[in-house]
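Examination of the molecular architecture
What follows is each chain in one-letter form.
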Amino acid sequence: MIDFAVDIYREVHNTDAPPDDLMDRRNEVLMVLGGLQDVCSPFLVIFEDEAKLAELQEEDLFNMQHLETLGITDETLEYLYDYSKFQFDCGNYSATSEYLAVYRLLQTKNPEREFAALWGKLAADILMQSWDSAAEALNQLKDEIESHSKQDDFNPLQSLQQRTWLIHWGLFVFFNHPTGKNLIIEMLFQDKYLHTIQTNCPHILRYLTVAVLINKKRRNVLKDLVRVIQQEQYSYHDPITEFVEALYVNFDFEGAQNMLQKCEDTIRGDFFLVGCLDEFVESARLTIFEIYCRIHKCIDIDMLAGKLNMSRGAAERWIVNLIRTARLDAKIDSQANQVLMGVKIPSIHEQVVESTKGLIVRSNNLIQFLNRGVVGQEGGYRPHWRGGKQDRRQ
């Protein structure tokens, strides 16, 4: 990083002589780096010998008990943590991720540093744009946070803070990983994370809303999303959440049309969402069309084009492609300039599928509730649904 700052200074000031303070700082960094490399040399020798490292891993000898015979102690392991952090500060994120993964594998006596190392690995993977590794670290962090919370290592405020950080760091993964839209929906619709959003960061609803709207396979959570948006409308709202509210709560198609243009402007200015602009606009138009078709049998194309913020010709071509690809029961009357919708009655199978959507989630929530009741009973607490009083036995 110091070398990068020197290069920038030379470029900006058009000189070959860097300032003395930068060179002094560079010498200090090199001195610290050399010292850390010396104390971590037993580890670094193994890392440089890929054949030796592979042999240790295959023979299940890559553990502290065996590594002590090679001159690696617990103190050396802690120096590896410091060396990893120093490499991160120097901008060597690949080495940071590799060293922290090894540190977490070998560390069994310092859970606090092991947890911090996982945060460091997530940061390094994000900065390398290694999204598969970052998604794995994100899920591990999620599990670690829940484990620490259950073991009372975190008080409720600390758990809330950790989940809040995880949500915000996760935005890098959610909107860059190929399956990130599924990840954000699966994670943030869990009760603990919904409560975190509502308590600490309601602005995250913008990202959750976009993920749901552009993910056609996860529309089953739309009702829950609308409910949360309504609950939080007094503490947070933006054009994206207002678009959903106008469409699904008020059935205000004029308002939704106006908000769609504002949504485009909002997404263009959002670092995480700018890559989703075209996909969002297409999904939003489809959503408007679907809802409008549910309550109208005959639709004027000019009027529909206005609601979709499109020209008449573009709207007609878009509807034709939609009818063809989505197999809608509809046809276009060009002479009357209308779209005629057919009446489709859902089959029994479709009604059953629709009714049972989300059943697994509700079942898991019920199981968790029952488990909490069992734990409470073992601790001297008899839950009210078992006929006991809601207090501790004396």
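Residues numbered from 1 in each chain as written. Predicted model: local features only at pLDDT ≥ 70, side-chain atom pairs only at ≥ 80, totals over all residues. Heavy atoms only, no water.

Quick look at the overall build of the protein chain
What counts, and what does not: In this text, helices come from DSSP runs of H or I with a minimum length of four residues, and strands from runs of E with a minimum of two, each type numbered from the N-terminal end. Only protein chains enter the calculation, and the probe is 1.4 Å; a residue is then buried if its accessible area is under 20% of its type maximum, exposed if over 50%, and partly exposed in between. Throughout, a residue-residue contact means that at least one pair of heavy atoms, one from each residue, lies within 4.5 Å.
When its secondary structure is counted, the protein chain shows 21 helices and 3 strands. For the protein chain, with 394 residues in total, the buried portion stands at 42%. Considering only intrachain contacts with a sequence separation of at least 6, the fraction spanning at least 24 residues in the protein chain is 56%.

So, the confidence of the model for the protein chain
For clarity, the cut-off: A score from 0 to 100, pLDDT tells how confident the predictor is in each residue.
When pLDDT is averaged across the protein chain, the result is 82; 89% of the residues are at 70 or more. Predicted confidence is poor over residues 380-394, with pLDDT under 50, and the contacts of this stretch with residues over four places away or in other chains come to 21 contacts.

Thoughts on the nonpolar core
As a reminder, the rule being used: Throughout, nonpolar core names a set of buried Ala, Val, Leu, Ile, Met, Phe, Trp, Tyr and Cys residues whose side chains join them through atoms within 4.5 Å.
Within the largest apolar cluster, 80 residues are counted, with the highest numbers of intra-cluster contacts made by F175, I184, L188, F243 and F280. At 10 residues, the largest contribution of residues to this core is made by helix α17 (residues 277-295). Once residues within four sequence positions are removed from consideration, L188 is found in contact with I167, Y193, L194, I197, I204 and L208. By size, the runner-up hydrophobic cluster in this structure holds 26 residues, among which are L36, L44, L53 and Y99.

Comments concerning a negative patch on the surface
Note the cut-off: For patches, a residue must show more than 30% relative accessible area and have no salt bridge; joins then use 9 Å for like charges and 5 Å for nonpolar side chains, namely Val, Leu, Ile, Met, Phe, Trp and Tyr. Note that accessible areas follow from Shrake-Rupley with a 1.4 Å probe, and for residues the cover is restricted to the protein chains shown. In what follows, salt bridge is the name for a side-chain nitrogen of Lys or Arg lying within 4 Å of a carboxyl oxygen of Asp or Glu. A positive count includes Lys and Arg, and a negative count includes Asp and Glu. His and the chain ends are not counted in either. To locate a charge, the coordinates of NZ of Lys, CZ of Arg, CG of Asp or CD of Glu are taken.
On the surface, E48, D49, E50, E55, E58, E59 and E98 cluster together to form a negatively charged patch. At 3 residues, the largest contribution of residues to the negative patch is made by helix α4 (residues 50-58). With respect to the helices, strands and loops of the structure, E55 is situated in helix α4. Exposure remark for E55: the relative accessible area of 37% places this residue in the partly exposed category.

Structural notes on the side chain of Q107
Formally: In protein, a polar contact requires one atom able to donate a hydrogen and another able to accept it; more generally it is a pair of N or O atoms within 3.5 Å, and residues adjacent in sequence count only if both atoms are side-chain atoms.
For Q107, the position within the fold is in the loop between α7 (93-106) and α8 (111-128). Judged by its relative accessible area of 6%, Q107 is buried. A distance of 2.5 Å separates a polar atom in the side chain of Q107 from a polar atom in the side chain of E78. Among the polar contacts listed, one links the side chain of Q107 to the backbone nitrogen of N110, at a separation of 2.8 Å.

Some points on the environment of A101
Structurally, the position occupied by A101 is in helix α7. For the pair A101 and K121, spaced 20 residues apart in the sequence, the C-alpha separation amounts to 7.1 Å.

As for the environment of I185
On the secondary structure map, I185 appears in helix α11 (residues 180-188). With 26 residues separating them along the chain, I185 and A211 place their C-alpha atoms 7.1 Å apart. Here I185 is in contact with L208, A211, V212, N215, R218 and V221, once residues within four sequence places are set aside.

Thoughts on the packing of aromatic side chains
Here is the rule: Stacked, tilted and edge-to-face are the three classes assigned to paired rings of Phe, Tyr and Trp, where Trp is represented by its six-membered ring and a pair needs centres within 6.5 Å; plane angles under 30 degrees give stacked, over 60 edge-to-face, the rest tilted.
Scanning all chains against the criterion turns up 14 aromatic pairs. Here Y81 and Y103 contribute two aromatic rings whose centre-to-centre distance is 5.2 Å and whose plane-to-plane angle is 50°, an arrangement assigned as tilted. Of this pair, Y81 sits in helix α6 (residues 74-89) while Y103 is found in helix α7, placing the two residues 22 residues apart along the sequence. Accessibility assignment for this pair places Y81 and Y103 in one class, buried. One aromatic cluster is present, formed by F172, F175, Y207, F271 and F272 through successive ring pairs.

Description of the packing of α6 against α7
The test is simple: Fitted lines through C-alpha atoms serve as axes, helices being fitted only where they are in contact, and the angles separating the N-to-C directions of these axes extend from 0 to 180 degrees. Every angle not falling under 35 degrees, over 145, or within 65 to 115 is termed oblique; those three ranges are roughly parallel, roughly antiparallel and roughly perpendicular. By convention the crossing between two helices is left-handed if the near helix lies anticlockwise of the far one by an angle smaller than a right angle, and right-handed if it lies clockwise. Put simply, Ala, Val, Leu, Ile, Met, Phe, Trp, Tyr, Cys and Pro go in the nonpolar bin, Asp, Glu, Lys and Arg in the charged bin, and everything else, Gly too, in the polar bin.
Viewed as axis vectors pointing N to C, α6 and α7 meet at an angle of 155°, and their least axial separation amounts to 8 Å. Comparing the axis directions of α6 and α7 gives the class roughly antiparallel. You can see that α6 and α7 cross each other, and the crossing is left-handed. For the pair formed by α6 and α7, the contact residues are L77, E78, L80, Y81, Y83, S84, Q87 and F88 on the first element and Y93, T96, Y99, L100, V102, Y103 and L106 on the second. Split by residue class, the contact of α6 with α7 holds 11 nonpolar, 3 polar and 1 charged.

Section: helix α14 (residues 222-232)
For clarity, the cut-off: Relevant arc is that of directions from the helix axis to the C-beta atoms, nothing else.
Buried residues of α14: L222, L225, V226, V228, I229 and E232, and no others. For α14, the arc enclosing every buried residue in end-on projection is 165°, short of the 170-degree limit, so these residues lie on one face. Those residues of α14 that are buried are in contact with α12 (191-200), α13 (205-214) and α15 (239-248).

Concerning the packing of α8 against helix α10 (residues 156-174)
Closest axis-to-axis distance for the α8/α10 pair is 10 Å, and the angle between their directions is 20°. As summarised for this structure, α8 and α10 are arranged roughly parallel, according to the angle between their axes. Viewed along their axes, α8 and α10 form a crossing whose handedness is left-handed. Between α8 and α10, the residues in contact are F115, W119, L122, A123 and I126 and Q162, W165, L166, W169 and F172, respectively. Residue composition of the contact of α8 with α10, grouped by class: 9 nonpolar, 1 polar and no charged.

Points about the pattern of salt bridges
The final tally for this structure, using the stated rule, is 13 salt bridges. R113 serves as the salt-bridge partner of E78, at 2.7 Å between the closest nitrogen and oxygen. With E78 in helix α6 and R113 in helix α8, this residue pair connects regions lying 35 residues apart in the sequence. Note that E146 is salt-bridged to K192, the shortest N-O span being 3.0 Å. Highlighted residues: E146 in helix α9 (residues 131-150) and K192 in helix α12, separated in sequence by 46 residues.

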